[in-house]
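Reading the structure
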Amino acid sequence: MATSTTSTLDDLFVAIVREAIFTAQETSLVRNLVTTYDLSGEGKTIQVPIYPEVSAAALTEGADMSSTTVSTSSVTITAAEVGVQAVLSDLAARSSARDIAADLGKVLGEAVAKKMDEDLIALFDGFSTSIGAAGTELTAPYIFNAAARLDAVNAPGPKYAVIHPYQAYNLKAGLTNTFANPNGGDLQNEAMRNGYVGTLGGVDIFESANISIDGSDDSKGAVFVPSALGLAVCWDINIEPQRDASIRGFELNATACYGVGELKDNYGIEMLFDAAL
């Protein structure tokens, strides 16, 4: 009969951690769309300097240039721990026909990824500029409107939209004449074939079920550039096993330490639209 030893269980824990880290990094959507700061070994707080725009002027030959005062502001992001615990019983570790390491690692990784996305998504409500209204369906012109507003303030970098799947459904329905457009262009055809909007008005569009729906069936997504939001990470997901003899198993304590913050308010636009089917 096969026997689990300390060595084999240690190997199992390594596999769980590996799967959890992979899942957390791959599953978390919004973390890949914002500016990330590595705080490992640097404490738990970072002050991000925010530089103003300055203007160049025409010069007169032989005349001194006048200096321009550059006054920076800063945004402070403080990291804090989040965590989730699962129990791996001796019986499960020794008898499961499934890859228990992959299963547990996936569950723990998804939990941390979901929490990180929810914390970043909560910042959408803080953008001062808002497009849409409760009960209004999201359509393509609103995406172009948001893109134009970001262009007007010279927001740098790629533009991203993160919206609820139900809002995305309404957007696709509008693009495809409620999924009946027989002569659509490339964008409409792609939405019909694969349900994928892709890029619209220079905005890469992503769907996230981590966006909540309020009591009136509305959701708040956002269109933004990476420098609108910041994510400061002390450590990514870490799993520490602890033996609990009384339950004949191991507690798997998964933690991560990070903080989020709005960096540049006018580089993001809240998208308040209907999220009902």
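See the structure printed just above.
Just so it is clear, the model here is predicted, and its values are computed rather than measured.

Here we look at the packing of aromatic side chains
Counted under the stated rule, the structure contains four aromatic pairs. Between the aromatic rings of Y160 and F224, the centroid separation amounts to 6.4 Å while the plane-to-plane angle is 65°, which identifies the pairing as edge-to-face. Of this pair, Y160 sits in strand β6 (residues 159–163) while F224 sits in strand β9 (residues 218–224); the two residues are 64 residues apart in sequence, bridging distant segments of the chain. For the pair shown, Y160 and F224 are each scored as buried.

Quick notes on the sheet that holds strand β11 (residues 249–262)
Taken together, the four strands give an open sheet; going across it, the order is β1-β10-β11-β4, and neighbouring strands pair in mixed fashion. Every interior strand has two partners, whereas the edge strands, β1 (35–38) and β4 (80–89), have only one. Sheet twist, expressed as the average angle between the axes of neighbouring strands with direction ignored, equals 30°. In terms of strand pairing, β1 meets strand β10 (residues 229–244) through four bridges, oriented parallel. Bridge pairing in β10 places D38 opposite V233.

Considerations on a nonpolar patch on the surface
A cluster of nonpolar side chains, Y166, Y169, I213 and L277, forms an exposed patch at the surface whose accessible area comes to about 390 Å². Mapped onto the elements, I213 comes out in the loop between β8 (203–207) and β9. Judged by relative accessible area, I213 falls into the partly exposed class, the value being 33%.

Focus on the side chain of S219
Tracing the sequence through the fold places S219 in strand β9. A relative accessible area of 1% means that S219 is categorised as buried. Setting aside chain neighbours within four positions, we find S219 in contact with H164, Q167, I211, S212, I213, M271, L272, F273 and A275.

Regarding the side chain of E270
For E270, the location among the structural elements is in strand β12 (residues 268–274). Among buried charged residues, E270 stands out as having no salt bridge; its nearest opposite-charge side chain is K220, 4.1 Å away. Those residues within four positions of E270 in sequence are excluded, and the remaining contacts are F124, D125, F127, T129, S130, I131, K220, G221 and A222.

Quick notes on the pattern of salt bridges
All told, the structure shown has six salt bridges when counted by the stated rule. Here D151 makes a salt bridge to K159, at a shortest N to O gap of 2.9 Å. Residue D151 is classed as partly exposed on the basis of its relative accessible area, which comes to 44%. Take K159: its relative accessible area is 13%, and that puts it in the buried class.

A short note on the sheet that holds β12
Strand order across the open sheet formed by six strands is β5-β12-β9-β6-β8-β7, with mixed pairing between neighbours. At either end of the open sheet lies a strand with only one pairing partner, and these are β5 (130–132) and β7 (199–200). Judged from the two bridges that link them, β7 and β8 form a sheet pairing that is antiparallel. What sits directly across from L200, in β8, is V203. In the packing of helix α4 (residues 140–152) onto the sheet, the strands contacted are β5, β6, β7, β8, β9 and β12, and the crossing angle to β12 comes to about 165°.

Rules used throughout
- Residue indices follow the written sequence of each chain, beginning from 1 at its first position.
- Residue-level local features of this predicted model are given only where pLDDT is at least 70; pairs of side-chain atoms are given and counted only at 80 or more, and the full residue set underlies all totals for whole chains, interfaces and linings.
- The side-chain quantities take in all heavy atoms of the structure and omit both hydrogens and water.
- To pair, rings of Phe, Tyr and Trp, with the six-membered ring standing in for Trp, must have centres within 6.5 Å; the planes then decide the type, stacked if under 30 degrees apart, edge-to-face if over 60, and tilted in the middle.
- To qualify as a helix, a DSSP run of H or I must reach at least 4 residues; to qualify as a strand, a run of E must reach at least 2; elements of each kind are numbered from the N terminus.
- The buried label goes to any residue with under 20% of its type's maximum accessible area, the exposed label to any with over 50%, and the partly exposed label to all in between, with areas taken from a 1.4 Å probe on protein chains only.
- Two strands pair if DSSP finds at least two bridges between them.
- An axis is simply a line fitted to the C-alpha atoms; with a helix, the fit covers only the stretch in contact. Between two such axes, the angle follows the N-to-C directions and lies from 0 to 180 degrees.
- Patch criteria: residues need more than 30% relative accessible area and no salt bridge. Like-charged residues are merged within 9 Å; nonpolar side chains of Val, Leu, Ile, Met, Phe, Trp and Tyr are merged within 5 Å.
- Note on areas: Shrake-Rupley with a 1.4 Å probe; residue coverage comes only from the protein chains shown.
- We define a salt bridge as a contact between a side-chain nitrogen of Lys or Arg and a carboxyl oxygen of Asp or Glu at a distance within 4 Å.
- Contacts are assigned to residue pairs with any non-hydrogen atoms lying within 4.5 Å of each other.
- Note that His is not counted, nor are the chain ends; the positive residues are Lys and Arg, and the negative ones are Asp and Glu.

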